[in-house]
Amino acid sequence: MKAYERLLNYVVVRTPSDENSETVPSSKCQFNLAGVLEKEMKELGLTEVFTDEQCYLYGKLPATPGYEGKDSIGFIAHMDTVADFCDSEIYPVITENYNGEDLALGNSGRILSTQNFPHLKTLKGRTLITSDGTTILGADDKAGIAEILTMVERLQAEHIPHGPICVAFTPDEEIGTGASHFNVEAFGAKYAYTLDGDTEGEIQYENFNACKASFEITGFNVHPGSSKDTMINASLVAMEINQMLPGMETPRGTEEYEGFYHLTNMSGDVAFAQLNYIVRDHNKEFFESRKNTLRLIEKNLNEK
Ligand SMILES: [Zn+2]
């Protein structure tokens, strides 16, 4: 089977993770894909295949004769997708011999424009797989899963000699907890690659530090006609908080190793407001200092 055929099978199994959930995995639907994959892994001849109760799926491809003593190499991908734009059934669309121009997403009226995505032009002549514009596709990271299992199939079909190979598929990567319950011992690899990048042929060998930051602001709501020096408008306090952060240190204003505060979501009225950020920095010290900045804002505004 080709990798893209596997991808088409996997994307229709919806697996959004849920950042508001307290359970592991964060959404039960991730077990649906784990079930499909576990069966497929056994059929492909992987050994020690099992899904644990937290929806981590492991398997091994034993070394070919003479290679048993080699270091074991692992391959990892995640089963969940983002939760945005994922409420209805997923219909993948295949575009063969792509013409390099703006690409319509099904009949949704949405397009992938070459202006917003200049990379598209380099794909002229290739076959593209997209969603129909009503949902995400979920190629992140089901493409990774498809590639790993196709590799496993091909190693065997073409009798390619190899050392011990370990495979793992994890839940909840998109909500930042994919590694939290990963069983390194059961996985069994000495080195591993995660297939979850973006550009074709790229290998990333570093990672950044990341956390979420959430401000909850309780205001004091009184009648606006008689609120002089008493009303505390939670939404205005929220705006004040964001104002205190360096305006340039956003995803738009930074690149490469530069860290940022990214406001992902805000809501509020007079009585209550909320700000949600993600914070990233490659440099651990800078990362800690970003967290201190946020705590300092918290402290100062509470004192005020
Ligand atoms: Zn991913």
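Scoring rules and cut-offs
- Residues numbered from 1 in each chain as written.
- Predicted model: local features only at pLDDT ≥ 70, side-chain atom pairs only at ≥ 80, totals over all residues.
- Helix = DSSP H or I, 4+ residues; strand = E, 2+ residues; numbered from the N terminus.
- Buried ≥ 20, exposed ≤ 12 C-beta atoms within 10 Å, placed from the backbone.
- Contact = placed C-beta atoms within 7 Å.
- Pairing = 2+ DSSP bridges.
- Axes fitted to C-alpha atoms, helices over the stretch in contact; angles between N-to-C directions.
- Domains from an automatic or database assignment.
- Parallel < 35°, antiparallel > 145°, perpendicular 65-115°, else oblique.
- Left-handed = near helix turned anticlockwise from the far one by under 90°.
- Nonpolar A, V, L, I, M, F, W, Y, C, P; charged D, E, K, R; others polar.
- Arc of directions from axis to C-beta.

### What to know about the overall build of the protein chain
- Helix and strand counts for the protein chain stand at six helices and twelve strands.
- Taking the principal axes of its C-alpha atoms as reference, the protein chain extends roughly 80 × 45 × 35 Å.
- Put simply, the protein chain has 304 residues, and 25% of those count as buried.
- Across the protein chain, contacts joining residues at least 24 apart in sequence account for 69% of those joining residues at least 6 apart.

### Considerations on unusual backbone geometry
- With an omega dihedral of -5 degrees, the bond running from V24 to P25 counts as a cis peptide bond.
- Note on placement: P25 falls in the loop between α1 (3-11) and α2 (30-43).
- Here the residue pair D140 and D141 is connected by a cis peptide bond, since its omega of 15 degrees sits within 30 degrees of zero.
- Take D141: it is sitting in helix α3 (residues 139-157).
- Look at H159: it is not a glycine, yet its phi comes out positive at around 50 degrees.
- Looking at the secondary structure, you find H159 in the loop between α3 and β8 (165-170).
- On the neighbour-count criterion, H159 (7 C-beta atoms within 10 Å) is exposed.
- Residues other than glycine seldom take positive phi values, yet D229 does so here, at roughly 65 degrees.
- Within the secondary structure, D229 sits in the loop between β10 (209-218) and α5 (234-243).
- Take D229: there are 4 C-beta atoms within 10 Å of it, and that puts it in the exposed class.

### Considerations on the sheet that holds strand β1 (residues 47-51)
- One open sheet accounts for five strands, arranged β1-β2-β8-β3-β9; its pairing is mixed. Looking at which strands have only one partner, the edges of the open sheet turn out to be β1 and β9 (191-194). Averaged over all adjacent pairs, the angle separating strand axes in this sheet is 15 degrees, with direction ignored.
- Both strand β3 (residues 73-78) and β9 contribute to a ladder of four bridges, which runs parallel.

### As for the domain arrangement of the protein chain
- Considered domain by domain, the protein chain is made up of domain 1 (3-90 + 135-194) and domain 2 (209-303).
- One C-alpha centre belongs to domain 1, the other to domain 2, and the line joining them spans 36 Å.

### As for the sheet that holds β10
- As summarised here, the arrangement of the three strands in space is β10-β12-β11, forming an open sheet in which the pairing is antiparallel. Edge positions in the sheet fall to β10 and β11 (260-268), since each has one partner strand and no second. Within the sheet, the average angular offset between the axes of one strand and its neighbour, ignoring direction, is 15 degrees.
- As defined by bridge partners, β11 adjoins strand β12 (residues 272-281) across eight bridges and the pair is classed as antiparallel. In the strand pairing of β12, L263 is matched with Y277.
- On the sheet, α5 packs against β10, β11 and β12 and is oriented at approximately 15 degrees with respect to β12.

### Side note on the packing of α1 against α3
- Put simply, α1 and α3 touch, their axes get as near as 8 Å, and they point 135 degrees apart. Relative to α3, the element α1 is oriented oblique. As α1 runs across α3, the sense of the crossing is right-handed. Across from A3, R6, L7, Y10 and V11 in α1, the residues of α3 making contact are A139, K142, A143, I145, A146, E147, L149 and T150.
- Residue composition of the contact of α1 with α3, by class: nine nonpolar, one polar and three charged.

### Digging into α5
- Within the sequence span of α5, burial applies to A234, A238 and I241. Taken around the axis of α5, the buried residues stretch over an arc of 60 degrees, which confines them to a single face.
- In this fold, the buried residues of α5 make contact with β10, β11, β12 and α6 (284-303).

### With respect to the environment of S289
- The residue S289 is located in helix α6 in this model.
- Remark: the alpha-carbon pair of S289 and Y4, spanning 285 residues in sequence, is separated by 44 Å.

### Considering the environment of L149
- Inspection of the secondary structure assignment puts L149 in helix α3.
- The exposure class assigned to L149 is buried, which follows from the 24 C-beta atoms found within 10 Å.
- In contact with L149, not counting residues within four places along its chain, are R6, E40 and L44.

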